[in-house]
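Observations on the model geometry
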Amino acid sequence: MVTFRTRLIRTLLLLLLSFQLHAFDIQPRIIGGEDADPGEWPATAALLSASIYNNSLALGEGEAQFRAQYCGGSIVATKWILTAAHCLYDDDDNRLAASDVLVLGGVTDLSDPGQIREVSRIYIHPDYSQISQDSDIAMLELASEVVPPTASIPLYGGDPAAGSDATVVGWGILENGTRNFPYILQEVVLQVVSESDCNAAYGGTLTDNMLCAAAPDKDSCGGDSGGPLMALQDGE
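Residues numbered from 1 in each chain as written. Predicted model: local features only at pLDDT ≥ 70, side-chain atom pairs only at ≥ 80, totals over all residues. Heavy atoms only, no water.

This part is about the pairing of strand β6 (residues 101–105). Across the 5 residues that make up β6, a large majority, 5, are buried. Here β6 shows two buried faces, one formed by V101, V103 and G105 and the other by L102 and L104. Bridge analysis of strand β3 (residues 44–49) against β6 gives 4 bridges, and the strand direction is antiparallel. Looking at the pairing, A46 lines up with L104 of β6. (Buried < 20%, exposed > 50% of the residue type's maximum accessible area, 1.4 Å probe, protein only. Helix = DSSP H or I, 4+ residues; strand = E, 2+ residues; numbered from the N terminus. Pairing = 2+ DSSP bridges.)

Quick look at the structure:
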């Protein structure tokens, strides 16, 4: 049994929602970032399409992982992945089954060998709205534990201060108008925007469960969805 708390959406693992910088313009990308160092973000996981992965294995495991990756997630315990609810619906808004999703941990480069785990159960926040994207949060229970070098990440207690730095990571498209996906995990530093400023910019459409972060010429959404927005708390 998973008990959801809406407050989780405002934690250290602030899920990358499509409104983060460009309202509901869903285009998968991290723009203005740089390659992450190997092993730099051991709590970051990739969500893979099981069908694409299995159908691509003839090309090699690394290429199958690269082709199948479509969302991100964060390891919060050895058998639990925190991600975005909208990552668990197909293009026709049908909810995915646990067997449709695989989780890849322990890699920075998608072509490297990692830890692939099947998903045993999917838990979507009961208040999730596909229209407003409110409560866009889900938990994946893995069929088996991930092991080092993966690591779990703690949740943020409270809210990051407006103007403070927060790091986003993901494997989304690198530039607009292309299909230029990276093999190597990208990282970009944004600044937290106050709730009042962000809500004013978006015409009052944000809810109390949403948080904004932005920086000039830097962006993330879509293929990076479900991944972490990470901020220091008490210097850690």
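Here the focus is helix α3 (residues 61–68). When we look at burial in α3, the residues that qualify are G62, A64, Q65, F66 and A68. Packed against the buried residues of α3 are β3, α2 (50–56), β4 (69–77), β6 and β7 (115–124). (Contact = heavy atoms within 4.5 Å.)

With that settled, the discussion passes to the nonpolar core. If you look at the biggest cluster of nonpolar residues, it comprises 22 residues, and the most contacted ones within it are L88, V119, I124 and L140. Of all elements in the fold, only β3, β4, β6, β7 and β8 (138–142) reach the threshold of two or more residues within this core. L88 has contacts with L47, Y70, T83, N94, R95, L96, V101, I122, I124, A138 and L140, leaving out every residue within four places of it along the chain. A36, A50, L102 and V169 belong to the second-largest nonpolar core, a separate cluster that totals 18 residues. (Core = buried A, V, L, I, M, F, W, Y, C linked by side-chain atoms within 4.5 Å.)

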